[in-house]
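# Notes for the structure review
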Amino acid sequence: MSELISVSSPIIGEAEKQAVMEVLDSGIVAQGPKVAELEEKFADYCGTKYAVAVSSGTAALHTALQAAGVGPGDSVITTPFTFIATSNSIMMQGAKPKFVDIEPDSFNLDASKLEDAYDQSVKAVLPVDLYGQPADYDEINYFAADHGLTVVEDACQSVGAVYLGWRAGSLGHLACFSLYATKNIMSAEGGIITTDSEEFVKSAKSFRQHGMDMNGQYEYSQMGYNYRTSDVLAAMAITQLSRADNFNRARIYNAQQLTAGLEDVEGLITPVIKPDRNSVFHQYTLRVSEDYPLSRQELIGHLKEKGVGTGIYYPRPLHLYPHIASLGYQEGDFPVAEQAAKEVVSLPVHPSLSNLDLERIIESIRGASNV
Ligand SMILES: *Cc1c(COP(=O)(O)O)cnc(C)c1O
């Protein structure tokens, strides 16, 4: 039996280890010069004026929504087909996630449904660049400008992705990244906000530091949290950022190989990337349609036997989790997202895969429906 090909795997090299050791030796381990350096380099990478580093992607989302002025009684338009943190961050501010259904091909929120979801309570739009592919920002930004809304991009899965020549992170008013262990670049835990607005930066830097003023220690002008990160993690993130384009190139190559090997399999639908953007393939996600001879669970079981790990992102759309359903949602509200949750399965696509691994994944899947 060959070794398991896992669905994700962080890459930690000598450069990361050395960067971390240097910080440990320096004696400055909390938020300091390495965090500032990460912020400058990350903003540069995304093509924004500023970046603010925080402790997680979730903290980044919470901080960005607070900067956008989202508060109790407000609502935020978002997608039901994403990680739970997208919606939880809205609820952390006492606001309500107002879902619009997704597109069946890209799995991103369907921008043609935005207008129907609008009412006076809406203060912001929070699209997600799911699996690494940017959402429809042209339509989203047009809609937002029309109603005076702030666009917060959940770019936790899309570092380095490009939409109409613009990098993820620069596609709305604010964007949020995660540096969690499974993301395209990582520092075990961590998060970053990018923006062109000095006002948002001021607000975010205060919010991550207990609500402290810029002009005085122990002067607090608003509620805040401890959302700081550390120089130890920032040093790792700086090294990973310098490798981001190489990592992403490998993911894109792996995805191309998988699609070439699988696109003719009856009943399996390979990822659809729109022509004006790319995906950095945080996940490579198949749809197991009704025309496929096996159930999704049978396919997953077969792959497990062959030593190929898989993941389901995500098994339930957010409006069906109890704490969110209780806001007034029920089964049937977002049928495209509900169908996707039943049909998706993600395959290994990370940069550590060899050509042999890719062949094994493809052959295992091709073999599954021939038996
Ligand atoms: C990972 C992720 C988050 C949360 O990031 P953490 O660093 O785990 O808090 C939020 N949204 C999306 C879409 C994610 O993939």
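Heads up: these notes are all about the structure in this document. (Residues numbered from 1 in each chain as written. Predicted model: local features only at pLDDT ≥ 70, side-chain atom pairs only at ≥ 80, totals over all residues. Heavy atoms only, no water.)

This next bit is on the overall build of the protein chain. When helices and strands are counted, the protein chain shows 13 helices and 12 strands. Its C-alpha atoms give the protein chain principal-axis dimensions of roughly 70 × 55 × 35 Å. Here the protein chain, with 371 residues, has 56% of them falling under the buried criterion. A fraction of 70% describes how many contacts in the protein chain between residues 6 or more apart in sequence connect residues 24 or more apart. (Helix = DSSP H or I, 4+ residues; strand = E, 2+ residues; numbered from the N terminus. Buried < 20%, exposed > 50% of the residue type's maximum accessible area, 1.4 Å probe, protein only. Contact = heavy atoms within 4.5 Å.)

Let us now look at the environment of Ser-203. As for its position among the elements, Ser-203 is in helix H7 (residues 198-207). Apart from the residues lying within four places of it in its own chain, the contact partners of Ser-203 are Gln-66, Ala-67 and Gln-222.

Two cysteines, two sulfur atoms, one covalent bond between them: this is a disulfide. Summed over the entire model, instances satisfying the criterion amount to zero disulfides. With no disulfide partner, Cys-46 has as its closest neighbouring cysteine sulfur the one in Cys-176, 11 Å distant. Judged by relative accessible area, Cys-46 falls into the buried class, the value being 3%. (Disulfide = S-S within 2.5 Å.)

By the secondary structure assignment, Ile-90 is in helix H4 (residues 84-92). In this view, Ile-90 contacts Leu-65, Val-76, Thr-78, Ala-95, Lys-96, Pro-97 and Leu-126; residues no more than four positions away in its chain are not counted.

Let us look at the sheet that holds strand E2 (residues 75-78). If you trace the seven strands from one edge of the open sheet to the other, you get E1-E9-E8-E5-E4-E2-E3, paired in mixed fashion. A strand with exactly one partner marks an edge of an open sheet, and here the two such strands are strand E1 (50-54) and strand E3 (96-99). Across the sheet, the axes of successive neighbouring strands diverge by a mean angle of 25 degrees, strand direction being ignored. In this structure, E1 lies alongside strand E9 (residues 191-195), joined through five bridges in antiparallel fashion. Paired with Ala-53 across the strands is Ile-192, a residue of E9. The strands touched by H4 are E2, E3, strand E4 (122-126) and strand E5 (150-154); relative to E3, the strand with the most contacts, the crossing angle is about 135 degrees. (Pairing = 2+ DSSP bridges. Axes fitted to C-alpha atoms, helices over the stretch in contact; angles between N-to-C directions.)

Taken together, 16 residues lie around the ligand, and Gly-57, Thr-58, Gln-157, Ser-178 and Lys-183 are the ones closest in. Here Ser-178 contributes a side-chain N or O atom positioned 2.6 Å from an oxygen atom of the ligand. Coverage of the ligand by the protein amounts to 92% of the 380 Å² it exposes when considered alone. Every element with two or more residues in the shell around the ligand is listed here: helix H3 (57-67) and H4. Of the residues in the shell around the ligand, the class split is six nonpolar, eight polar and two charged. (Near = heavy atom within 4 Å. Polar contact = N/O pair within 3.5 Å; in protein donor to acceptor, adjacent residues only side chain to side chain. Areas by Shrake-Rupley, 256 points an atom, 1.4 Å probe, with all protein chains shown as cover. Nonpolar A, V, L, I, M, F, W, Y, C, P; charged D, E, K, R; others polar.)

Our focus in this paragraph is unusual backbone geometry. The omega torsion across Tyr-313 and Tyr-314 is 10 degrees, close enough to zero to call that bond cis. Mapped onto the elements of the fold, Tyr-314 is located in the loop between helix H10 (296-305) and helix H11 (322-325). Here the phi dihedral of Tyr-218 falls at roughly 60 degrees; this positive angle occurs in a residue that is not glycine. Positionally, Tyr-218 belongs in the loop between H7 and helix H8 (231-242). Judged by relative accessible area, Tyr-218 falls into the exposed class, the value being 64%.

E5 sits mainly inside the fold: five of its five residues count as buried. Here E5 shows a buried face lined by Thr-150, Val-152 and Asp-154 and a second buried face lined by Val-151 and Glu-153. The pairing of E4 with E5 spans two bridges and is parallel. Its bridge partner being in E5, Val-125 is matched across the sheet by Val-151. Two elements, E5 and strand E8 (residues 174-178), share three bridges in a ladder whose sense is parallel. Paired with Asp-154 across the bridge in E8 is Cys-176.

What follows concerns the pattern of salt bridges. One pass over the full model with this rule turns up 16 salt bridges. With a closest N to O distance of 2.9 Å, Lys-274 and Glu-103 form a salt bridge. Here the residue Lys-274 occupies a position in the loop between strand E10 (268-269) and strand E11 (284-288), and Glu-103 occupies one in the loop between E3 and helix H5 (114-117), the gap between them amounting to 171 residues. When its relative accessible area of 11% is taken as the criterion, Glu-103 is described as buried. (Salt bridge = Lys/Arg side-chain N within 4 Å of Asp/Glu carboxyl O.)

On to the sheet that holds E10, then. Taken together, the three strands give an open sheet; going across it, the order is E10-E11-E12, and neighbouring strands pair in antiparallel fashion. Each end of this open sheet is capped by a strand with a single partner; those strands are E10 and strand E12 (344-347).

So, about a nonpolar patch on the surface. Taken together, the side chains of Met-21, Leu-24 and Val-29 make up a nonpolar region of the molecular surface, amounting to roughly 250 Å² of accessible area. By the secondary structure assignment, Met-21 is in helix H1 (residues 14-26). (Patch = residues over 30% accessible without salt bridge, like charges linked within 9 Å, V, L, I, M, F, W, Y side chains within 5 Å.)

So, on to the packing of aromatic side chains. One pass over the structure, following the stated rule, counts 15 aromatic pairs. Measuring from centroid to centroid gives 6.0 Å for Phe-81 and Phe-107, while their planes differ by 40 degrees, and the two rings are tilted. Residue Phe-81 is found in the loop between E2 and H4, and its partner Phe-107 is found in the loop between E3 and H5; the two are separated by 26 residues along the sequence. Measuring from ring centre to ring centre gives 5.9 Å for Tyr-137 and Tyr-163, while their planes differ by 80 degrees; the resulting arrangement is edge-to-face. Here Tyr-137 is found in helix H6 (residues 137-147), whereas its partner Tyr-163 is found in strand E6 (residues 162-163), with 26 residues between them in sequence. Summarising the burial analysis for this pair, Tyr-137 and Tyr-163 share the class buried. Put simply, the rings of Phe-81, Phe-83, Phe-107, Tyr-131, Tyr-313 and Tyr-314 pair up and form one aromatic cluster. The ring of Tyr-45 has Arg-167 sitting right over it, with the charged end atom 4.0 Å from the ring centre. (Phe/Tyr/Trp six-rings, centres within 6.5 Å; stacked < 30°, edge-to-face > 60°. Lys NZ or Arg CZ within 6 Å of the ring centre and 35° of its normal.)

These figures come from the coordinates and say nothing about function on their own.
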